[in-house]
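If you want the building blocks of each chain, they are given just below.
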Amino acid sequence: MKSLKALENPIAEPAFELEILEQSGIEPFENKLDSIGLFPLKPTQIEILQINMGKMCNQVCKHCHVDAGPDRKEIMTRETMGDCLEVIRNNQINTIDLTGGAPEMNPDFRWFIEEIRKINTECTIIVRCNLTIILANPKYHDLPDFYKKHQIEVVSSLPYFTAMKTDSQRGNGVFDRSIRALQMLNEVGYGMPDSGLILNLVYNPSGAFLPPAQEALQAEFKKKLKDKFDIHFNSLFTITNIPISRFLEYLIRSENYEDYMEKLLQSFNPVAAQNVMCRNTISVGWDGFLFDCDFNQMLDLKVDTVDSQHISDWNTRSLSNRSIIVNKHCFGCTAGAGSSCGGATAE
Amino acid sequence: MKTYYNPEDLKKFGKIGDLQKPLADKFFDYYGEVFAEGALTAREKSLIALAVAHAIQCPYCIDAYTTDTLEKGCDEEQMMEAVHVAAAIRGGASLVHATQMMNKINEISM
């Protein structure tokens, strides 16, 4: 399977995606925010720096909002990582959240983490690991030890505790390899009681419907993964599929687009709107540009500042005072129990 | 094409109150409470509803509770097992009447 970009699908173009969102019959997101006194949406405090290390990935998941895959060559340079390190050195950032693609495929991935730890031994470093990368090549087999050495928090997607649902979304054989990788992480202590090594899993729906209640599904996942595979983990994050990129293409192709948008609108939750992740996060693109969130990054909606649109021009004051750019895809983060890179926001 | 069942009509369910509001309000309040977490989880109730939807062959209910069970975190295997429960009860309900047939056979046979 190829990326939408390699297939020259027009949905790979942000401007086309925005046009599709504009054409949706649902009301603008701004109106809903305005009705609860949240428009314009402002940041609370910048606590999380989410860094996209590149779009290269060993998997081609059907719902991927990054349109990542082996055919994507965009990766962050060491120079841009250096700019990120400057920001981390000079600001109170609690959490560095590394994502991709498969961030581990960036040749400077380990160097970057070592440099972050030299600056800050206390901050949380999250790696969004797709699990299969650990088994993809012998050079990645020691990743669990590397994560452990640097006290990395591992966050990994596992759409379900069965092969059928997982493989249908992430590719044939992904479930079995993911299970093996989880066992390898458990073996070095990840997800094990009292180890202090955090292993969180991510569920997202395998179609045009909303995620279940996080707590109930977590209990189900814990029981099934323990009973069937003797796997342990800390928390399960439920995440809503955002109608952009490959998931948008699926919605249109399957004629679910309008119904899904309507469902997101009908499920609008003001509490989730208060807690959207873009209020305490800045997302850094592989090329160093700054965005309100990973989804705005993929839609090429750069932060609304005059002097701080790139990591090399970071200006905390400008970023803290900016208005967050919203569009209809934002209904995905405010539906039901809410959705963020850390799971539900309103439970 | 005109059909008796139109998927779009499911969205109009709430409109039954236009003709008789007090009873509709009572029904929807009751409905909401029935499906809330209780001694049974919302997930278990959703699977029961999916099975019943098949037993009574209500296309609206099948659409609604297929989505709902997925949104409660059920997978296809669990959902199909629920439908088999409905099928087993329906099949069993026919077959168990065979005892009545057998009684009658005995009654009127030499």
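Check the entry above for the structure.
Every value quoted in this text rests on a predicted model; they were computed, and no experiment measured them.

Draft legend 1. Structural detail: the nonpolar core. In this structure, Leu49, Ile51, Met53, Val127, Val154, Ile244 and Val284 of chain A are the most contacted members of the largest nonpolar core, which totals 106 residues. Excluding residues within four positions of it along the chain, Val154 of chain A makes contact with Val127, Cys129, Tyr147, Leu185, Tyr190, Ile198 and Leu199 of chain A.

Draft legend 2. Local environment of the interface of chain A and chain B. Facing the twelve residues of chain A at the interface are nine residues of chain B. Where the side of chain A that touches chain B is concerned, the elements lending two or more residues are helix H7 (163-170) and helix H9 (214-229) of chain A. Ranked by residues supplied to the side of chain A that touches chain B, first place goes to H9 of chain A with three residues.

Draft legend 3. Region of interest: the pairing of strand E2 (residues 95-99) of chain A. Residue and element names in this part refer to chain A. Within E2, four of the five residues are buried, leaving the element largely enclosed by the surrounding structure. Of the pairings in the sheet, the one linking strand E1 (residues 48-52) to E2 comprises five bridges and is parallel in character. If you follow Gln50 over to E2, its bridge partner there is Asp97. Each parallel crossover has a hand, and the one from E1 via helix H3 (residues 78-90) to E2 is right-handed. Strand direction decides the pairing type here: E2 and strand E3 (residues 124-128), joined by four bridges, are parallel. Note that in E3 the partner of Asp97 across the bridge is Ile126. The β-α-β motif built from E2, the intervening helix H4 (residues 109-119) and the parallel element E3 has right-handed crossover chirality.

Draft legend 4. Just the packing of helix H2 (residues 42-55) of chain B against helix H3 (residues 59-71) of chain B, in detail. Residue and element names in this part refer to chain B. Their axes nearest at 9 Å, the elements H2 and H3 cross at an angle of 155 degrees. As judged from the angle between their axes, H2 and H3 are roughly antiparallel. Here the hand of the crossing between H2 and H3 comes out left-handed. Between H2, through Ser46, Leu47, Ala49, Leu50, Ala53 and His54, and H3, the contact on the second element is made entirely by Cys61, Ile62, Tyr65, Thr66, Asp68 and Thr69. A class-by-class count of the residues in the contact of H2 with H3 yields seven nonpolar, four polar and one charged.

Draft legend 5. Here's a closer look at the pairing of strand E5 (residues 199-203) of chain A. Residue and element names in this part refer to chain A. Burial analysis of E5 places four of its five residues in the buried class, the great majority of the element. Bridge count for strand E4 (residues 152-157) against E5 is four bridges, and the pairing is parallel. Bridge assignment links Val154 to a residue of E5, and that residue is Leu199. Bridge count between E5 and strand E6 (residues 236-238): three bridges; the pairing is parallel. Counterpart to Leu201 in the pairing with E6 is Leu236. In the classification by handedness, the crossover that spans E5, the intervening H9 and the parallel E6 is right-handed.

Rules behind the numbers
Residues numbered from 1 in each chain as written. Chains lettered and ligands numbered in written order. Predicted model: local features only at pLDDT ≥ 70, side-chain atom pairs only at ≥ 80, totals over all residues. Core = buried A, V, L, I, M, F, W, Y, C linked by C-beta atoms within 7 Å. Buried ≥ 20, exposed ≤ 12 C-beta atoms within 10 Å, placed from the backbone. Contact = placed C-beta atoms within 7 Å. Helix = DSSP H or I, 4+ residues; strand = E, 2+ residues; numbered from the N terminus. Pairing = 2+ DSSP bridges. Right-handed = clockwise from strand over helix to strand, strands pointing away. Axes fitted to C-alpha atoms, helices over the stretch in contact; angles between N-to-C directions. Parallel < 35°, antiparallel > 145°, perpendicular 65-115°, else oblique. Left-handed = near helix turned anticlockwise from the far one by under 90°. Nonpolar A, V, L, I, M, F, W, Y, C, P; charged D, E, K, R; others polar.

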